[in-house]
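Below are the chains, spelled out letter by letter.
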Amino acid sequence: MVRRNVARLVVTFTGVIALLLGGQTVAFAAPTNDDYSAAIAVESVPFTTTIDTSDATSDPTDPTGCYNNGSVWFNFTPTRDMWIQADTIGSNYNTVLSAWTGDQGALTLVGCNDNYYSQDARLAFTVNAGTTYRFMAGYCCGNGRDGGGSLRFSVKEVLPPANDNFADAIPVGALPYADTQDYQGATRETGEPSSCFTPTRTAWYSYTPTTTGSITARTSPGYAGMAVYTGSSLTDLVMSGCSTLYSYRPLTFQAEAGKTYLFQVAADGVNVHTFQLEVAKQPTAEFYYWPSEPSSYDRISFSSSVNDPAGAGISSYAWDFGDGTTSADPNPVHQITADGDHTVRLTVRTPDGRTASATHVIQVRTHDVAIVRMTVPTTARVGQTIGVDVHVRNTRYDESVRVELERSTPTSGYQPVGALTQPVPATASNKTTRFSFTYTVTSDDLASGKLTFRASADPSPSRDALPVDNELLSTPVIIK
């Protein structure tokens, strides 16, 4: 029982409000392990206790390297080396847990944790036989205050996984395969190789395929490191592949039938990991191109869209454009100079030899019409109706062509006169198709003194390959 003289308004950590009048003596019961010197001894593991720390105090000599609000103490002296977990899981307040070695006033921090999950705290580390480890449990956040709640404190030994050592590698059977192990107690065996990572806590698996083919290893969560070896002992291992810690990438390679592969799985941090092994999924390939209706004058832009779900990536691209030419670029630009239906094929390959292909038939059509001449009278007068003939040539495909005719104005550029749509057959000669328009001269034309006509030809829905010759201006008509 502890007694204190107070003359103030006190709000406890648990939310109880009491008005303490001047000179009044208030009694409260602190936990038995409130002080460092009265720490509860953890005699053996597993150990669990629940205590009320509502009236726990913070001693001025408590260390401040981790929050010491409402601190209570526990001691543990192991009789052998082991990996342990200490936690406050199941407490009803926001706990903080720290571990220390040494003596009061000269403590060395081993670990500090707050909010491992929600309000719980957890520490996991290796303890050495004969060394006393001192646990201080408090509440978040800060130092020097009193209070607490219902504290549940536990210590347990975490055993290494069954496949902790190379000689105890778990054999993988039929694929797909999955196995879950707790890596908290995992160790690094003497002589264990380093690859693209330095292992600290590892486990081992072995697999001997009956057929040659690509396989994929991955972990969940995905940040564990993985290395695959061939060999019969730690001293003669030869690495076949590696995926670094925190790369979040699977490990894919081609495995030979009858050969045994050893997988080293490395966990950084205390966590449960699931090792998975499966036949590697095939990559996918697709491509797109622009323009979608190219002519023989167009440089076609090809864009590949590929994916390797096994994570090995794409090592090569092979394009066949169907016109006798090829490319190894991921996104080439190519001109197909002859009209026709051209089968374009993209084939991609992964480093381990898996392939995927995509094929499209590209229809190259060169649509090209041209206005080659316009016939207009040399002179005209106001009120006279004159003829304007537009001659269109077409040498590729039969087209339906729309010709629009405009006239010049003194102030607003060109204004529409009319439009005609008619078939224009393809011909290898210089033969043209005539579009005949009429126009009646106005007084505005007389004010200008001359009249110019502009014609444009459009073979829609076809796209004209060379639109530069789709427009033509007439010679001026002198207005008298």
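A brief structural summary. In this text the structure is predicted, and so the values were computed from the model without any measurement.

### Let's talk about the overall build of the protein chain
When its secondary structure is counted, the protein chain shows one helix and 39 strands. Over its C-alpha trace the protein chain gives a radius of gyration of 43 Å, far above what one expects of a compact globule, namely 23 Å for 480 residues. Counting only C-alpha atoms, the protein chain reaches 125 × 80 × 30 Å along its principal axes. Going through the 480 residues of the protein chain one by one, you find that 43% of them count as buried. Sequence separation of at least 24 residues holds for 69% of the intrachain contacts in the protein chain that already meet a minimum separation of 6. Of the accessible surface of the protein chain, which amounts to about 23,300 Å², a share of 49% is contributed by carbon and sulfur atoms.

### So, the sheet that holds strand β35 (residues 433-440)
Spatially, the three strands line up as an open sheet ordered β30-β32-β35, and their pairing is antiparallel. On the outer flanks of this sheet lie β30 (369-375) and β35, each paired with one strand and no other. Between one strand and the next, the sheet's axes are offset by a mean angle of 25°, whatever the strand orientation. Pairing of strand β32 (residues 385-394) with β35, which is carried by eight bridges, proceeds in the antiparallel orientation. From the neighbouring strand, Val 390 faces β35, where its bridge partner is Phe 435.

### Focus on a nonpolar patch on the surface
Taken together, the side chains of Ile 89, Tyr 116 and Tyr 117 make up a nonpolar region of the molecular surface, amounting to roughly 320 Å² of accessible area. Inspection of the secondary structure assignment puts Ile 89 in the loop between β8 (82-87) and β9 (95-103).

### Description of unusual backbone geometry
For the bond running from Leu 175 to Pro 176, omega is 0°, close enough to zero to count as cis. Here Pro 176 shows up in the loop between β14 (170-171) and β15 (177-182). In the Ramachandran plot, Tyr 246 falls in the positive-phi region, its phi being about 65° despite a non-glycine side chain. With respect to the element layout, Tyr 246 can be found in the loop between β19 (238-243) and β20 (251-255).

### Digging into the layout of surface pockets
Volume-wise, the second largest pocket comes out at about 160 Å³. If you trace the second largest pocket, you find it lined by Tyr 289, Ser 292, Glu 293, Pro 294, Ser 295, Gln 363, Arg 365, His 367, Pro 461, Ser 462 and Arg 463. For the lining of the second largest pocket, the class distribution of residues is three nonpolar, five polar and three charged.

### Remarks on the state of the cysteines
Applying the stated criterion to the full structure yields three disulfides. Two residues, Cys 66 and Cys 112, share a disulfide whose sulfurs are 2.0 Å apart. The disulfide joining Cys 66 to Cys 112 has a torsion of about 60° about its S-S bond and is therefore right-handed. Of this pair, Cys 66 sits in the loop between β6 (47-52) and β7 (69-76) while Cys 112 sits in strand β10 (residues 106-114), and the two are 46 residues apart along the sequence. Two residues share a disulfide in this structure: Cys 196 and Cys 242, whose sulfurs sit 1.9 Å from each other. Across the S-S bond of Cys 196 and Cys 242 the torsion is about -80°, and the bridge reads as left-handed. With a gap of 46 residues between them, Cys 196 in the loop between β15 and β16 (202-207) and Cys 242 in strand β19 connect regions that are remote in the sequence. When its relative accessible area of 26% is taken as the criterion, Cys 242 is described as partly exposed. Counting only the cysteines that take part in disulfides, in the order they occur along the protein chain, gives the pairing 1-2, 3-4, 5-6.

### As for the nonpolar core
In this structure, Phe 74, Ile 84, Leu 97, Phe 125, Phe 135 and Phe 153 are the most contacted members of the largest nonpolar core, which totals 24 residues. Elements with a minimum of two residues in this core: β6, β7, β8, β9, β11 (122-127), β12 (133-139) and β13 (150-157). Counting residues per element, this core draws most heavily on β12, which supplies four residues. When neighbours within four sequence positions are excluded, Phe 125 is seen to be in contact with Met 82, Trp 83, Ile 84, Ala 99, Val 110, Tyr 133 and Phe 135. Residues Met 374, Val 376, Val 403 and Tyr 439 belong to the second largest nonpolar core, which totals 23 residues.

### Regarding the pattern of salt bridges
Summed over the entire model, instances satisfying the criterion amount to 12 salt bridges. With its nearest N and O atoms 3.5 Å apart, the salt bridge here joins Arg 218 to Glu 278. Of this pair, Arg 218 sits in strand β17 (residues 213-220) while Glu 278 sits in strand β22 (residues 272-279); the two residues are 60 residues apart in sequence, bridging distant segments of the chain. Between Arg 402 and Glu 404 there is a salt bridge, with the nearest N and O atoms lying 3.0 Å from each other. Taking relative accessible area as the criterion, Arg 402 reaches 38% and is therefore assigned partly exposed. When salt bridges that share partners are traced, they join Arg 218, Glu 278 and Lys 281 into one network.

Calculation rules
Residues numbered from 1 in each chain as written. Predicted model: local features only at pLDDT ≥ 70, side-chain atom pairs only at ≥ 80, totals over all residues. Heavy atoms only, no water. Helix = DSSP H or I, 4+ residues; strand = E, 2+ residues; numbered from the N terminus. Rg over C-alpha atoms; globule rule 2.2 N^0.38 Å. Buried < 20%, exposed > 50% of the residue type's maximum accessible area, 1.4 Å probe, protein only. Contact = heavy atoms within 4.5 Å. Areas by Shrake-Rupley, 256 points an atom, 1.4 Å probe, with all protein chains shown as cover. Pairing = 2+ DSSP bridges. Axes fitted to C-alpha atoms, helices over the stretch in contact; angles between N-to-C directions. Patch = residues over 30% accessible without salt bridge, like charges linked within 9 Å, V, L, I, M, F, W, Y side chains within 5 Å. Salt bridge = Lys/Arg side-chain N within 4 Å of Asp/Glu carboxyl O. 1 Å grid on protein atoms, 1.4 Å probe; cavity = no way out; pocket = protein on both sides within 12 Å on 5 of 7 lines; lining within 4 Å. Points joined across faces, edges and corners; volume = space filled by probe spheres on them. Nonpolar A, V, L, I, M, F, W, Y, C, P; charged D, E, K, R; others polar. Disulfide = S-S within 2.5 Å. Core = buried A, V, L, I, M, F, W, Y, C linked by side-chain atoms within 4.5 Å.

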